[in-house]
Amino acid sequence: MEKSLQAIKIVLLLLAVSISHLSIAQTLQGHYEGALTRNGSVQLISFDFCNDKTTYDIPEIGYIDVSPEKISQGKDTLNVKIFYGDFYIFSNPKTGDLTGVSKDTKPEIRIHLKKTEAKEKPFTEEEIKFSNAGISLAGVLCKPKKTDKPVPYVILVHRSGWEDRNTPWYHSLAYILASKGIGVLLYDKRGTGKSTGNFSLADFNDFAEDAASAFNYLKSRYDLNYAEIGFLGASQGGWIVPLAANKVSDCSFAVLIVGPAVSLYEQDINRVQYTLAEEGYSKESIHSAIHYSGLFFKYIQSNTAKDWEALNKYASEIKDEKWIDQLDIPQSQTGDDVIWWRKNKYDPKEALSTIKCPVLSILGEKDVLVPPAENKNKMETYLTKAGVKHKIITIKGCGHDMITQGKMNGKEEKWPYTYWQWQKQPEEFVSSIIEFIKK
């Protein structure tokens, strides 16, 4: 009898624990709005909690409808990892308010959310598929609502690495543009999401062909009330867009966000130089790193034993330097990195000089990967030679991601006179794109 009672107690205890685990999950359904605070300084944030998908918005940094990096329920807390780190969130059973904290930063960031009515999306989403030379490409078509007039459509072209329709930067931009009355085609890069293929085996021409196939797909959609169709690409996508625009007969516009006007080799040397300078390394260190990069690209182009030996010799001399991780140190003469650089020996000079549509080029003042000092004049020269309408702007305070750095607006925190200024995507960034596409 005593053993039976103990067994019943254990079952009841496990049931209580299970219920406590579920209670916060059951509570968190719907739209919540509130703010992040850092010693009194505020940045707005909202969440949409749903059983199958949870998303959040931080409008000031241009993050809209983004899925958390991770989300899990504990006994009485919700653990959510977002742009600013890991947050542990509690639900107040009386008010329904959500309060939490992330200790990833000093001072810590707090969050406070209240449930409110959700707003309806001003556009619809349609799953789509198209193909290019045996590669099946899947994506989403964002179609603005409540318009009888033809609207412009833009195809978003990916940056380097893994990029699909849910990549926060592109997903957010698609949402913002579609909300402003611009149709958007956002597809999964080959080898990501629901697209087939392998992006690591593709070259720039392959990516440009994928983008051109997206353009031709839109042209074939007679049910769409489109006015114009163009491309928008960021970073590596800024290299690819001019190639794609030149592959179709009637591209209406091209938007290049931190798109380089220099070759891949030059861009990587610029990256090394400006990154080390920003991190405070000496001129001697920067010179040494650039010298190594010069030897690396000399070998990439020549593929001779002599240049390989010279590269290895210098690499052994600098192997203990703190900045060695910024360099590409090949493990063999025929490694994947060496093959990639040879396959992608690309200079955008010809594509930019022969492009036939209006171009908007946006650079970031603080960008160490595509520094304006190395790219702006070349971009102007090439687009002038092309004879197309163009505009080149540099967004103050922004790096490669088009977001400013968080910082104090004074030497020390002394509320209310000095306080933390949150990271921000300047309004000029999005407004310039929308104005250019709609004009």
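Residues numbered from 1 in each chain as written. Predicted model: local features only at pLDDT ≥ 70, side-chain atom pairs only at ≥ 80, totals over all residues. Heavy atoms only, no water.

1. Examining the overall build of the protein chain
In step 1: When helices and strands are tallied, the protein chain shows 11 helices and 19 strands.
In step 2: Expressed along its principal axes, the backbone C-alpha trace of the protein chain runs to roughly 85 × 65 × 55 Å.
In step 3: Across the 439 residues that make up the protein chain, the buried fraction comes to 48%.
In step 4: At a minimum sequence separation of 6, the contacts of the protein chain that also span at least 24 residues come to 62%.
In step 5: Accessible surface computed for the protein chain: about 22500 Å², of which carbon and sulfur atoms make up 52%.
In step 6: For the protein chain, the separation between the mean place of its 54 positive charges and that of its 55 negative charges on side chains is 3 Å. (Helix = DSSP H or I, 4+ residues; strand = E, 2+ residues; numbered from the N terminus. Buried < 20%, exposed > 50% of the residue type's maximum accessible area, 1.4 Å probe, protein only. Contact = heavy atoms within 4.5 Å. Areas by Shrake-Rupley, 256 points an atom, 1.4 Å probe, with all protein chains shown as cover. Lys, Arg positive; Asp, Glu negative; His and termini not counted. Charge placed at Lys NZ, Arg CZ, Asp CG, Glu CD.)

2. As for the sheet that holds strand β17 (residues 390–395)
In step 1: If you trace the eight strands from one edge of the open sheet to the other, you get β10-β11-β13-β12-β14-β15-β16-β17, paired in mixed fashion. Looking at the sheet topology across the chains shown, the edges are occupied by β10 (123–132) and β17. Strand-to-strand, the axes of this sheet are offset by a mean angle of 20°, without reference to chain direction.
In step 2: As paired strands, strand β15 (residues 254–257) and strand β16 (residues 359–364) are joined by four bridges and run parallel to one another. Within the sheet, the bridge partner assigned to Leu256 lies in β16 and is Ser361.
In step 3: Against the sheet, helix α2 (residues 168–179) contacts β10, β11 (135–144), β12 (151–157), β13 (183–187), β14 (226–234) and β15, and its axis sits at roughly 160° relative to β13. (Pairing = 2+ DSSP bridges. Axes fitted to C-alpha atoms, helices over the stretch in contact; angles between N-to-C directions.)

3. Here's the deal with α2
In step 1: Here α2 is 12 residues long and its end C-alpha atoms lie 16 Å apart, about the 16 Å a rise of 1.5 Å per residue gives.
In step 2: Three or more residues of α2 are buried, namely Trp169, Tyr170, His171, Ser172, Leu173, Ala174, Tyr175, Ile176, Leu177 and Ala178.
In step 3: Positive phi shows up at Gly181, right after α2, with a value of about 85°. (Expected span 1.5 Å × (residues − 1).)

4. A short note on the packing of aromatic side chains
In step 1: Counted according to the given criterion, the structure contains 24 aromatic pairs.
In step 2: Look at Tyr265 and Phe297: their rings are 4.6 Å apart centre to centre, the planes differ by 25°, and that puts the pair in the stacked class. On the criterion of sequence distance, the pair formed by Tyr265 in helix α5 (residues 264–278) and Phe297 in helix α6 (residues 283–302) is long-range, its members being 32 residues apart. Each member of the pair Tyr265 and Phe297 is classed as buried.
In step 3: The interplanar angle of 75° and the centroid separation of 5.1 Å between the aromatic rings of Phe296 and Phe297 together place this pair among those described as edge-to-face. Both residues of the pair, Phe296 and Phe297, count as buried.
In step 4: Here a set of aromatic residues connected by ring pairs shows up, and it is made of Tyr32, Phe47, Phe49, Tyr56, Tyr63, Phe83, Tyr84 and Trp422.
In step 5: Over the face of the ring belonging to Trp420 we find Arg38, whose NZ or CZ atom lies 3.7 Å from the ring centre.
In step 6: The ring of Phe207 is capped by Lys189, whose NZ or CZ atom sits 5.3 Å from the centre of that ring. (Phe/Tyr/Trp six-rings, centres within 6.5 Å; stacked < 30°, edge-to-face > 60°. Lys NZ or Arg CZ within 6 Å of the ring centre and 35° of its normal.)

5. A closer look at helix α3 (residues 204–220)
In step 1: Between the first and last C-alpha of α3 there are 24 Å, a value that for 17 residues agrees with the 24 Å anticipated at 1.5 Å per step.
In step 2: Regarding α3, the residues found buried are Phe204, Phe207, Ala208, Asp210, Ala211, Ala212, Ser213, Ala214, Phe215, Tyr217 and Leu218.
In step 3: Two or three places before Asn205, at the start of α3, stands the capping residue Asp203, its side-chain oxygen 3.1 Å from that residue's backbone nitrogen. (Polar contact = N/O pair within 3.5 Å; in protein donor to acceptor, adjacent residues only side chain to side chain.)

6. Here's the deal with the pattern of salt bridges
In step 1: Using the criterion set out here, one finds 22 salt bridges in the structure.
In step 2: Lys145 serves as the salt-bridge partner of Glu120, at 2.7 Å between the closest nitrogen and oxygen. In this pair, Glu120 sits in the loop between β9 (109–116) and β10 while Lys145 sits in the loop between β11 and β12, placing the two residues 25 residues apart along the sequence.
In step 3: The class for Glu120 is exposed, based on a relative accessible area of 66%. (Salt bridge = Lys/Arg side-chain N within 4 Å of Asp/Glu carboxyl O.)

7. Remarks on the side chain of Ser46
In step 1: Mapping Ser46 onto the fold places it in strand β2 (residues 41–49).
In step 2: You can call Ser46 buried: its relative accessible area is 9%.
In step 3: Once residues within four sequence positions are removed from consideration, Ser46 is found in contact with His31, Tyr32, Glu33, Thr55, Tyr56 and Asp57.

8. As for the side chain of Asn132
In step 1: Along the chain, Asn132 falls in strand β10.
In step 2: The class for Asn132 is buried, based on a relative accessible area of 10%.
In step 3: Within the local environment of Asn132, its side chain forms a polar contact with the side chain of Asp210, the two groups lying 2.7 Å apart.
In step 4: The residues touching Asn132, leaving out its near neighbours within four places in the chain, are Leu137, Arg190, Asp206, Glu209, Asp210 and Ser213.

9. Comments concerning the sheet that holds strand β8 (residues 98–102)
In step 1: Reading across from one edge, β4-β3-β2-β1-β9-β8-β7-β6-β5 is the order of the nine strands in this open sheet, with antiparallel pairing throughout. This sheet does not close on itself; its edge strands, each paired only once, are β4 (63–66) and β5 (70–73). Shown here is a sheet whose adjacent strand axes are inclined to one another by a mean of 20°, direction ignored.

10. Some remarks on the packing of α6 against helix α7 (residues 305–317)
In step 1: Interaxial distance between α6 and α7 falls to 9 Å at its minimum, and their mutual angle equals 155°. In terms of axis orientation, α6 runs roughly antiparallel to α7. Between α6 and α7 lies a crossing whose hand is left-handed. Mapping the contact onto sequence places Ser288, His291, Tyr292, Leu295, Phe296, Lys298, Tyr299 and Ser302 in α6 and Asp307, Trp308, Ala310, Leu311, Tyr314 and Ala315 in α7.
In step 2: The residue makeup of the contact of α6 with α7, split by class, is nine nonpolar, three polar and two charged. (Parallel < 35°, antiparallel > 145°, perpendicular 65-115°, else oblique. Left-handed = near helix turned anticlockwise from the far one by under 90°. Nonpolar A, V, L, I, M, F, W, Y, C, P; charged D, E, K, R; others polar.)

11. What to know about the packing of α3 against helix α4 (residues 236–245)
In step 1: Two numbers describe how α3 lies on α4: the axes approach to 8 Å, and their chain directions differ by 65°. Comparing the axis directions of α3 and α4 gives the class roughly perpendicular. Crossing hand, α3 versus α4: right-handed. Contacts from Phe204, Phe207, Ala208, Ala211 and Ala212 of α3 reach α4 at Gln236, Trp239, Ile240, Leu243 and Ala244.
In step 2: Looking at the contact of α3 with α4 residue by residue, the classes come out as nine nonpolar, one polar and no charged.

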